[in-house]
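# Breakdown of the fold
Here are the chains, one letter per residue:
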Amino acid sequence: RGLQPDELFPALKGVVAEVEGVLDARIALDWGGDRAFTARATAATAQLDFATGLGPVERVSGAVEISDLLTLTSPPGQTLSIGRFNPGVPIEAGLFQFSLPGGPRVQIEDARWPFAGGLMVLKPDLWDIGAPTQTLTMELREVNLQRLVELLRIPDLQTAGTVEGAFPVVVESGVARIEGGRLA
């Protein structure tokens with residue numbers, strides 16, 4: 001186990017752990033004269049794996065531009081591909097688009113995964129990493145009901161058709177639960 005993100009950024013303690021892979025980071029510091037001090041960074045990775053309280057994340061790839069390293073700010077449209085995420089049911093080939101608005105927060109712009117013949121989408125929201133409780137909304141779109149039953153490993157149940165709907169996901173102390181979701 002090498003250097004871990006929470007050793008550099010304490011706000012990530014309990015958020016990500018057991019990080020494995022290569023992260024290529026470039027930092028540019030600028031100061032002097034009439035210019036204010038600035039610190040920018042870019043970080044790129046391919047095949048980064050890590051653990052979260054919601055489940056393991058594997059094969060993360062992409063590049064992120066941080067326009068202000070001191071406040072953790074980025075421009076909109078940062079994009080990472082996620083090979084596999086398993087919050088209890090494995091989902092693969094995801095795309096996560098976001099920005100960093102400053103502080104330990106992530107503005108979720110778009111997050112989606114192919115799922116059971118349809119699509120699983122995390123609705124845009126502001127994720128406050130330090131908040132003890134956070135509620136996000138997940139949508140299922142045009143999901144094949146029989147494939148969903150198979151993914152959930154429900155024995156002896158035959159179904160047909162598609163379902164869709166939204167459900168709130170409450171994350172409390174790193175543990176997620178669904179409250180009041182509805183599929184139709």
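Report on the accompanying structure. (Residues numbered from 1 in each chain as written. Predicted model: local features only at pLDDT ≥ 70, side-chain atom pairs only at ≥ 80, totals over all residues. Heavy atoms only, no water.)

### Describing the side chain of Q78
- Turning to its location among the elements, Q78 is positioned in strand β4 (residues 78-85).
- The exposure class of Q78 is buried, given its relative accessible area of 6%.
- From its side chain, Q78 meets the backbone nitrogen of E65 in a polar contact 2.7 Å long.
- When sequence neighbours within four positions are dropped, the list of residues in contact with Q78 reads A63, V64, E65, F96, Q97 and F98. (Helix = DSSP H or I, 4+ residues; strand = E, 2+ residues; numbered from the N terminus. Buried < 20%, exposed > 50% of the residue type's maximum accessible area, 1.4 Å probe, protein only. Polar contact = N/O pair within 3.5 Å; in protein donor to acceptor, adjacent residues only side chain to side chain. Contact = heavy atoms within 4.5 Å.)

### Thoughts on the packing of aromatic side chains
- As enumerated under the stated definition, the model contains three aromatic pairs in all.
- Where W31 meets F37, the ring centres are 5.6 Å apart and the plane angle is 40°; that geometry is what we call tilted.
- Given the relative accessible area of 42%, F37 is considered partly exposed. (Phe/Tyr/Trp six-rings, centres within 6.5 Å; stacked < 30°, edge-to-face > 60°.)

### Description of the nonpolar core
- Residues I108 and F115 are the most contacted members of the largest nonpolar core, which totals 34 residues.
- Of all the elements in the fold, those that place two or more residues in this core are β2 (35-52), β3 (55-66), β4, β5 (91-99), β6 (105-115), β7 (118-122), β9 (133-144) and β10 (162-172).
- Sort the elements by how many residues they give to this core and β6 lands first, with five residues.
- Non-local contacts of F115, meaning those with residues more than four positions away in its chain, are made with V89, I91, M120, L140, V143, L148 and L151. (Core = buried A, V, L, I, M, F, W, Y, C linked by side-chain atoms within 4.5 Å.)

### Overview of the pattern of salt bridges
- All told, the structure shown has eight salt bridges when counted by the stated rule.
- When the shortest N-O distance is used, the salt bridge between E58 and R59 registers 3.6 Å.
- We classify R59 as partly exposed; its relative accessible area is 33%.
- Of the charged contacts, one joins E92 and R84 as a salt bridge, the two residues approaching to 2.6 Å between their closest N and O atoms.
- Accessibility expressed as a relative area gives 24% for R84, which makes it partly exposed.
- Connected via shared salt-bridge partners are K123, E139 and R141. (Salt bridge = Lys/Arg side-chain N within 4 Å of Asp/Glu carboxyl O.)

### Some remarks on a nonpolar patch on the surface
- Among the surface-exposed residues, I27, L29, W31, F37 and L70 lie close enough to one another that they form a single nonpolar patch of about 580 Å² accessible area.
- Tallying contributions element by element places strand β1 (residues 17-32) first for the nonpolar patch, with three residues.
- For I27, the position within the fold is in strand β1. (Patch = residues over 30% accessible without salt bridge, like charges linked within 9 Å, V, L, I, M, F, W, Y side chains within 5 Å. Areas by Shrake-Rupley, 256 points an atom, 1.4 Å probe, with all protein chains shown as cover.)

### Some details on the environment of F50
- As for its placement among the helices and strands, F50 is situated in strand β2.
- Residue class for F50 comes out buried when judged on its relative accessible area of 19%.
- As for F50 and V19, which are separated by 31 residues in sequence, their C-alpha atoms are 4.3 Å apart.
- Leave out the neighbours within four places in its chain, and F50 touches V16, A17, E18, V19, P56, V57 and V60.

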